Amino acid sequence: MSGPADAWRVLPVGALVLVVAGLAAFADAALAPAPGRLPLVQRLGVPMSEAARLLRQRRRGVVGSDGLLRVVGCAGPLVVALLMAVVVPFGGVTGADLPVGLVWFNAMDVVLWATWWLAGWGTNSAYGLVGGYRFLAQAIAYELPLMFALTTAGIAAGSLQTSQIVAAQHGTWFVVQMPVAALVFVLSVAAFTAWAPFDHPAGRDAAGGLLAELSGIDRLLLLVGRYALLGVGAAMSAALFLGGGGGPLLPGWLWSTVKTAAVLLALVAMRHRCASLPAERFMRWAWLVVLPLTVLQALVTSVVAATGR
């Protein structure tokens, strides 16, 4: 940002992230398997009724829990989502168009590791601690492929600035040139959100893991942050690999909305159609299959960029 005037552009980002989080929650409720074939209208009311219930619910805690760490861990995902969103281009506008936007986005993902860990550690619960350890194991597996996916987009555009990456897709979207990187990035969004099939840190076999001992406002904050991360990740996917706001006839903001919604719906649908993947199996696939493929994709993209073909 070049001055105080530009700083005000960051403020609408927070409101937009909350709106996207709400839309993700409604989409999740709409696509969830309906017990007893509930009408769609009733399913769409579930997020609002659940939020109202959690706001009324008293906090409960385990003896010896650390209140400060629990609050930091529960509010952390939402804060990280806001910090990620400032470098996400939306309809040709970026809250903070940093020259190292890709590095910033990836750095916030690493900060997210600490927030998920604190959410489990702060409750002083064995289940929460197991969930925290599971997320760290999962994070180690997805982080390198995610870094190479981001790097590949940067190499093709010749810039780490997210707006420049969108501009570089004027002719062809990067999802066509680098499908492996695009797929890996979308799956990484599900992984850093602890979203199915990578929701083992919040698995039922550990009584909910990271969510086991959370109630009231703590649980609500963490769930809102989770949906916000999902929405921001979908918007970044649209910017890096689907041309952002680029497209014929429609204005840029509408193209960004359509593309973000498409990725978001795919992630939500995946949650309800894929079984949870244990961390050890996920790590095996990440190290032996996914990482070599992303490195190869980055190498091919580098050769193409260097030769100008």
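Shown above is the structure to which this text applies.
Report follows, based on the coordinates. Since we're looking at a predicted model, the values are computed, not measured. (Residues numbered from 1 in each chain as written. Predicted model: local features only at pLDDT ≥ 70, side-chain atom pairs only at ≥ 80, totals over all residues. Heavy atoms only, no water.)

### Things to note about empty space enclosed by the protein
Right, so step 1: Within the structure shown, the criterion is met by 1 cavity of 30 Å³ or more.
Right, so step 2: Empty space within the largest cavity amounts to approximately 40 Å³.
Right, so step 3: Lining the largest cavity we find Trp116, Ala194, Ala202, Leu211, Leu222, Leu223 and Arg226.
Right, so step 4: For the lining of the largest cavity, the element with the highest residue contribution is helix α11 (residues 216-241), accounting for 3 residues.
Right, so step 5: Grouping the constituent residues of the lining of the largest cavity by class yields 6 nonpolar, no polar and 1 charged. (1 Å grid on protein atoms, 1.4 Å probe; cavity = no way out; pocket = protein on both sides within 12 Å on 5 of 7 lines; lining within 4 Å. Points joined across faces, edges and corners; volume = space filled by probe spheres on them. Helix = DSSP H or I, 4+ residues; strand = E, 2+ residues; numbered from the N terminus. Nonpolar A, V, L, I, M, F, W, Y, C, P; charged D, E, K, R; others polar.)

### Concerning the packing of helix α10 (residues 179-192) against helix α12 (residues 252-271)
Right, so step 1: The interhelical angle for the contact between α10 and α12, taken along N-to-C directions, is 60 degrees, at an axis separation of 11 Å. With respect to their mutual orientation, α10 and α12 come out oblique. The two elements α10 and α12 meet at a crossing, and its hand is right-handed. Residue-level contacts link Val186, Leu187, Val189 and Ala190 of α10 to Val263, Leu267 and Met270 of α12.
Right, so step 2: Looking at the contact of α10 with α12 residue by residue, the classes come out as 7 nonpolar, no polar and no charged. (Axes fitted to C-alpha atoms, helices over the stretch in contact; angles between N-to-C directions. Parallel < 35°, antiparallel > 145°, perpendicular 65-115°, else oblique. Left-handed = near helix turned anticlockwise from the far one by under 90°. Contact = heavy atoms within 4.5 Å.)

### Observations regarding the packing of aromatic side chains
The way to describe two aromatic rings as a pair is by their centre distance and the angle between their planes.
Right, so step 1: In the structure shown here, the tally under the stated rule is 7 aromatic pairs.
Right, so step 2: Here the aromatic rings of Trp117 and Tyr133 are separated by 5.0 Å at their centres, their planes lie at 70 degrees, and the arrangement is edge-to-face. Highlighted residues: Trp117 in helix α6 (residues 101-121) and Tyr133 in helix α7 (residues 126-157), separated in sequence by 16 residues.
Right, so step 3: Of the residues examined, Tyr133 reaches a relative accessible area of 52% and is grouped as exposed.
Right, so step 4: Taken together through their ring pairs, the aromatic side chains of Phe105, Phe185 and Phe241 make up a single cluster.
Right, so step 5: Taking the ring centre of Trp195 as reference, the NZ or CZ of Arg271 above it sits at 4.5 Å. (Phe/Tyr/Trp six-rings, centres within 6.5 Å; stacked < 30°, edge-to-face > 60°. Buried < 20%, exposed > 50% of the residue type's maximum accessible area, 1.4 Å probe, protein only. Lys NZ or Arg CZ within 6 Å of the ring centre and 35° of its normal.)

### Here's the deal with the nonpolar core
The nonpolar side chains of soluble globular proteins are, as a tendency, buried together.
Right, so step 1: Formed by 67 residues in total, the largest nonpolar core has its most connected members in Phe105, Phe185, Phe192 and Phe241.
Right, so step 2: If you list the elements that add at least two residues to this core, you get α2 (11-31), α5 (67-85), α6, α7, α10, α11, α12 and α13 (279-307).
Right, so step 3: Per-element tally for this core: the top contributor is α11, with 12 residues.
Right, so step 4: When sequence neighbours within four positions are dropped, the list of residues in contact with Phe185 reads Phe105, Leu146, Ala149, Leu150, Gly233, Met236, Ser237, Leu240 and Phe241. (Core = buried A, V, L, I, M, F, W, Y, C linked by side-chain atoms within 4.5 Å.)

### Quick word on α7
Right, so step 1: The end-to-end C-alpha distance of α7, which contains 32 residues, comes to 46 Å, matching closely the 46 Å that a straight helix rising 1.5 Å per residue would cover.
Right, so step 2: The sharpest bend along α7 reaches about 30 degrees and sits at Tyr142, with the proline Pro145 one to four residues further on.
Right, so step 3: The residue sitting at the N-terminus of α7 and contributing the capping side-chain oxygen is Ser125; that oxygen lies 3.2 Å from the backbone nitrogen of Tyr127. (Expected span 1.5 Å × (residues − 1). Bend = angle between axes of the 7 residues up to and from the residue. Polar contact = N/O pair within 3.5 Å; in protein donor to acceptor, adjacent residues only side chain to side chain.)

### Concerning the pattern of salt bridges
Where charged atoms from two side chains of opposite charge approach closely, those side chains can pair.
Right, so step 1: In this structure the tally under the stated criterion is 5 salt bridges.
Right, so step 2: Where Glu50 meets Arg53, a salt bridge forms, and the shortest distance between an N and an O atom there is 2.6 Å. One end of the pair is Glu50 and the other is Arg53, both in helix α4 (residues 46-56) and 3 residues apart, which spans about a single turn.
Right, so step 3: For Glu50, a relative accessible area of 27% puts it in the partly exposed group.
Right, so step 4: One salt bridge in this structure joins Asp218 and Arg70, with 2.9 Å as the shortest N-O distance. Residue Asp218 is found in helix α11, and its partner Arg70 is found in helix α5; the two are separated by 148 residues along the sequence.
Right, so step 5: The exposure class assigned to Asp218 is buried, which follows from its relative accessible area of 2%.
Right, so step 6: Taken together, the salt bridges that share partners define one network made up of Arg59, Arg70 and Asp218. (Salt bridge = Lys/Arg side-chain N within 4 Å of Asp/Glu carboxyl O.)

### Topic: the packing of α5 against α11
Right, so step 1: Two numbers describe how α5 lies on α11: the axes approach to 8 Å, and their chain directions differ by 25 degrees. Classified by the interaxial angle, the pair formed by α5 and α11 is roughly parallel. Considering the relative orientation of α5 and α11, their crossing is left-handed. Taken together, the residues of α11 that come into contact with α5 (itself represented by Arg70, Val71, Gly73, Cys74, Ala75, Pro77, Leu78, Val80, Ala81, Met84 and Ala85) are Asp218, Leu221, Leu222, Val224, Gly225, Ala228, Leu229 and Val232.

### Brief notes about unusual backbone geometry
Right, so step 1: With an omega dihedral of 10 degrees, the bond running from Ala196 to Pro197 counts as a cis peptide bond.
Right, so step 2: Mapping Pro197 onto the fold places it in the loop between α10 and α11.
Right, so step 3: One non-glycine residue, Asn124, lies in positive phi territory at about 55 degrees.
Right, so step 4: By secondary structure assignment, the location of Asn124 is in the loop between α6 and α7.

### Focus on the layout of surface pockets
Right, so step 1: Here the largest pocket is characterised by a volume of approximately 1200 Å³.
Right, so step 2: Only α2, α4 and α11 provide two or more residues apiece to the lining of the largest pocket.
Right, so step 3: For the lining of the largest pocket, the element with the highest residue contribution is α2, accounting for 7 residues.
Right, so step 4: Class assignment for the residues of the lining of the largest pocket results in 26 nonpolar, 6 polar and 9 charged.

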